[in-house]
Amino acid sequence: MIEISNVAHSFVNKGAVIGGLPVLDGVSLTIHDREFVSFLGPSGCGKTTLLRILDGLVRQTSGQVTIDGHVIRKPARERAMVFQEFNLLPWRTTLRNVELGLELHGRSRAERTRLARENLRKVGLGGFEGYFPHQLSGGMKQRVGIARALSTSPNLLLMDEPFGALDPQIRELMQIEMLKLLETEARTVVFVTHSVEEAIFLSDRIVIFSARPGRILAIVEVDLPKPRWADDERIKASPEFVKYRSQIWHMLKGELQRAQA
Amino acid sequence: MAQYSRALEPRTEWARPFEKFWEAHRTAITRTVAVGLFLALWEWAVRGGGVNPLFLAGPIRVFERLYQVFADGSIWPHFWASGRVAGLGFVIAIAIGVPLGILMGRFRTVRDVLEPFVIAKYSIPTVVFLPLFVMWFGIGMWFKVMLVIVGTVFVIIINTEAGVSNVDRRLIETAKSFCANEFEILLKIVAPASLPFIIAGIRLGIGRVLIAVVVAEGFAATAGLGYLAFQAGAAYDTAQVFVAAILLGAVAITLNSGLRTLERRLAPWKESDTERG
């Protein structure tokens, strides 16, 4: 269980004497084990920052975050992150890219290779072990990113707009594949997105953030039948889905207009 | 009208193959003709023109001499003498320059401490230190090695630093997210990411190494390609000056293309746009 209590964060502006740019303010939230939670909100609302705080890459200015009672101070092996820009090492092959996390966790060579191959197969990239990132499409690159994160068997998977750089059709396919993939290995997922539909389709709960500094505006429980990937077209056309979409969009629209102003 | 008249012109069939050959090889043909003309003009100037052969040997004599020094093997001691100085100095320069560049690119304090010295030295011609090195090391091999080191190390430092500070922050963050420590970040992210820059710095160093070797040998030496040139000049043996020049150029080109190949093999994802300094 993740407990976020009263977290605030400001970016320190280099050279500025007083204060900084506040991006998060008074955020409190509990995320349960094996829950899929999405962070949704206008650009700059601090949702990515909160994700990085959860990973331990950023230390919040105030407030506390604990996972199963332990305070987060730095990145840990139980957590893994999937990045919007994939962040693959251009000099490594697909296989060696997936091995990176395992390597940094000190796993043996044999184990690394085995787990990397296994996870590449899982994301549908069996046979692409020897390819370099510049030889792959965007969707394939992100599959590598996902395989890299999954291969370390994290309890908590943190995804920072993982499909944001992909074209819309590939994006929907990736959503379906990810749900399928996560079904077999239950784990907690925190997913940052700009897309209302993506959030509804994937999540158990959606946390909607206000414009900067980000506060929690609302939390929406998504009560749609599972498994959603098996029936994606019907679910997305269902009256419930449409209702969620207009309800959430209504809230977001006000915030977006405020952020623009 | 004039613009499309060419396309409408009836072409004679026999000209086609020549035209094709020309289109495919025009750069090579132009270059060959230009060099050939230059050599012919040179030879003509020495033989029949107004140039005194005492001051300028013709290309035929230069190539005869080039063949001769390899045929009788008299060139090898000079190769060995220069090669030893250049190789030793270059290896030491790389061994100092690459780690310093990495530290400067990665740690702000190191950069702030060393940058004034690097900039100062980068602006001063190396040769000016030659008298000092002779005082310190005598006129043996080591003052030459020293000149090579000082002449080369800074361009390597600067390129390495540029490479290291240009490493994609997101890749470093990715490694951190997987719990990498500073040493692992250096080893697994920073070093491979900046490798193309480091090799570019080394490539830029080649020219400087050769300059330093020639200058040092001109100052005091008993063998070497630079020594060969200066000695020949003193004896009015202009063909030998050109022999030394050609060999130095050949060495530079060989090393350069070797490193280019290495660069392409180690960093196939990167265009060769990494040179600085």
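Residues numbered from 1 in each chain as written. Chains lettered and ligands numbered in written order. Predicted model: local features only at pLDDT ≥ 70, side-chain atom pairs only at ≥ 80, totals over all residues.

## Let's talk about the packing of helix 2 (residues 94-104) of chain A against helix 3 (residues 109-122) of chain A
All names here are of chain A.
Move 1: Following both chains from N to C, one finds helix 2 and helix 3 inclined at 120 degrees, their axes separated by 9 Å at the closest point. Between helix 2 and helix 3, the crossing angle belongs to the class labelled oblique. Note that helix 2 runs across helix 3; the crossing there is right-handed. Across from Thr 94, Leu 95, Val 98, Glu 99, Leu 102 and Glu 103 in helix 2, the residues of helix 3 making contact are Arg 112, Thr 113, Leu 115, Ala 116, Arg 117, Asn 119 and Leu 120.
Move 2: Looking at the contact of helix 2 with helix 3, its residues break down into six nonpolar, three polar and four charged. (Axes fitted to C-alpha atoms, helices over the stretch in contact; angles between N-to-C directions. Helix = DSSP H or I, 4+ residues; strand = E, 2+ residues; numbered from the N terminus. Parallel < 35°, antiparallel > 145°, perpendicular 65-115°, else oblique. Left-handed = near helix turned anticlockwise from the far one by under 90°. Contact = placed C-beta atoms within 7 Å. Nonpolar A, V, L, I, M, F, W, Y, C, P; charged D, E, K, R; others polar.)

## Focus on the sheet that holds strand 4 (residues 62-67) of chain A
All names here are of chain A.
Move 1: Pairing within the open sheet is antiparallel, and its four strands lie in the order 2-1-4-5. With one partner strand each, in any of the chains shown, strand 2 (20-31) and strand 5 (70-71) form the two edges of the open sheet.
Move 2: Of the pairings in the sheet, the one linking strand 1 (residues 2-12) to strand 4 comprises five bridges and is antiparallel in character. For Glu 3, the partnering residue across the bridge sits in strand 4 and is Thr 66. (Pairing = 2+ DSSP bridges.)

## Notes on the packing of helix 7 (residues 142-165) of chain B against helix 9 (residues 182-219) of chain B
Two packed helices can be described by the angle between their axes and the distance between those axes.
Residues and elements named next belong to chain B.
Move 1: It is the contact of helix 7 with helix 9, at a shortest axis distance of 7 Å, that shows an interaxial angle of 155 degrees. As the angle between them shows, helix 7 and helix 9 are arranged roughly antiparallel. Between helix 7 and helix 9 lies a crossing whose hand is right-handed.
Move 2: A class-by-class count of the residues in the contact of helix 7 with helix 9 yields 21 nonpolar, eight polar and three charged.

## Some remarks on the domain arrangement of chain B
Move 1: Split into domains, chain B comes out as domain 1 (12-51) and domain 2 (70-266).
Move 2: Averaged C-alpha coordinates put domain 1 of chain B and domain 2 of chain B at centres separated by 37 Å. (Domains from an automatic or database assignment.)

## Digging into the sheet that holds strand 8 (residues 188-193) of chain A
Residue and element names in this part refer to chain A.
Move 1: If you walk across this open sheet you meet the six strands as 6-7-8-3-9-10, and the pairing is mixed. With partners counted over all chains shown, the strands left at the sheet margins are strand 6 (79-82) and strand 10 (216-221), one partner each. If you compare each strand with its neighbour and ignore which way they point, the axes differ by 15 degrees on average.
Move 2: Of the strands in this sheet, strand 9 (205-209) and strand 10 are in contact with helix 8 (residues 239-260), which crosses strand 10 at around 175 degrees.

## Describing the nonpolar core
Move 1: Ranked by internal contacts, the top residues of the largest apolar core, which has 118 residues, are Val 190 of chain A together with Leu 147, Val 148 and Val 213 of chain B.
Move 2: Here this core takes 16 residues from helix 9 of chain B, the largest share from any one element.
Move 3: The contact partners of Val 190 of chain A, leaving out residues within four places of it in the chain, are Ile 31, Val 37, Phe 39, Leu 51, Leu 54 and Leu 158 of chain A. (Core = buried A, V, L, I, M, F, W, Y, C linked by C-beta atoms within 7 Å. Buried ≥ 20, exposed ≤ 12 C-beta atoms within 10 Å, placed from the backbone.)

## Here's the deal with the interface of chain B and chain A
Move 1: Facing the 14 residues of chain B at the interface are 18 residues of chain A.
Move 2: Of all the secondary-structure elements, those providing two or more residues to the side of chain B that touches chain A are helix 8 (169-177) and helix 9 of chain B.
Move 3: With seven residues, the top contributor of residues to the side of chain B that touches chain A is helix 8 of chain B.
Move 4: Taken together, the residues that form the side of chain B that touches chain A break down as eight nonpolar, two polar and four charged.

## Topic: helix 10 (residues 225-234) of chain B
Move 1: Where helix 10 of chain B is concerned, the buried positions are Leu 225, Gly 226, Tyr 227, Leu 228, Ala 229 and Gln 231 of chain B.
Move 2: Looking one or two places after helix 10 of chain B, you find Tyr 236 of chain B, whose phi comes out positive at around 55 degrees.

## Brief notes about the pairing of strand 3 (residues 36-40) of chain A
Residue and element names in this part refer to chain A.
Move 1: Counting buried residues along strand 3, five of its five residues qualify, which places the element largely inside the surrounding structure.
Move 2: Side-chain alternation along strand 3 places Phe 36, Ser 38 and Leu 40 on one buried face and Val 37 and Phe 39 on a second face that is also buried.
Move 3: In this structure, strand 3 lies alongside strand 8, joined through five bridges in parallel fashion. Considered in strand 8, the bridge of Phe 36 is made with Val 189.
Move 4: Both strand 3 and strand 9 contribute to a ladder of four bridges, which runs parallel. Across the sheet, Phe 39 pairs through a bridge with Val 207, a residue of strand 9.

## What about unusual backbone geometry?
A negative phi angle is the norm for most residues apart from glycine, just as the trans form is the norm for most peptide bonds.
Residue and element names in this part refer to chain A.
Move 1: For the bond running from Arg 212 to Pro 213, omega is -5 degrees, close enough to zero to count as cis.
Move 2: Cis geometry is adopted by the peptide bond preceding Pro 227, which originates at Lys 226 and carries an omega value of -5 degrees.
Move 3: Relative to the helices and strands, Pro 227 resides in the loop between strand 10 and helix 7 (232-237).
Move 4: Even without a glycine there, the phi angle at Arg 34 is positive, about 65 degrees.
Move 5: As for its placement among the helices and strands, Arg 34 is situated in the loop between strand 2 and strand 3.
Move 6: Positive phi values are uncommon outside glycine, yet Ser 153 reaches one of about 45 degrees.
Move 7: Relative to the helices and strands, Ser 153 resides in the loop between helix 4 (138-150) and strand 7 (156-160).
Move 8: Among the residues examined, Ser 153 registers 15 C-beta atoms within 10 Å and is labelled partly exposed.

## A word on the confidence of the model for chain B
Detailed reading of the predicted coordinates is not advisable wherever pLDDT is low.
Residue and element names in this part refer to chain B.
Move 1: When the pLDDT values of chain B are averaged, the result is 88; 92% of them are 70 or greater.
Move 2: At the level of individual helices and strands, chain B shows its lowest average pLDDT in helix 1 (residues 2-8), which scores 52, and its highest in helix 8, which scores 96.
Move 3: pLDDT under 50 marks residues 272-277. Its contacts with residues more than four places away, or in other chains, come to 14 contacts.
Move 4: Confidence estimates for the predicted assembly give a pTM of 0.79 and an ipTM of 0.91. (pLDDT = per-residue confidence, 0-100.)

## Quick notes on the environment of Pro 90 of chain A
Residue and element names in this part refer to chain A.
Move 1: Checked against the element boundaries, Pro 90 lands in the loop between strand 6 and helix 2.
Move 2: A residue is classified by how many C-beta atoms lie within 10 Å of it, and Pro 90, with 16 of them, is partly exposed.
Move 3: Along the chain, Pro 90 and Ala 110 lie 20 residues apart, while their C-alpha atoms are 23 Å from each other.

## So, the environment of Arg 106 of chain B
Residues and elements named next belong to chain B.
Move 1: Following the sequence through the fold, Arg 106 ends up in helix 4 (residues 76-106).
Move 2: Overall, the presence of 19 C-beta atoms within 10 Å leaves Arg 106 in the partly exposed class.
Move 3: Sequence spacing of Arg 106 and Leu 186 is 80 residues, and the spatial spacing of their C-alpha atoms is 8.6 Å.
Move 4: In this structure Arg 106 touches Val 164, Leu 186 and Val 190, once residues within four positions along its chain are discounted.

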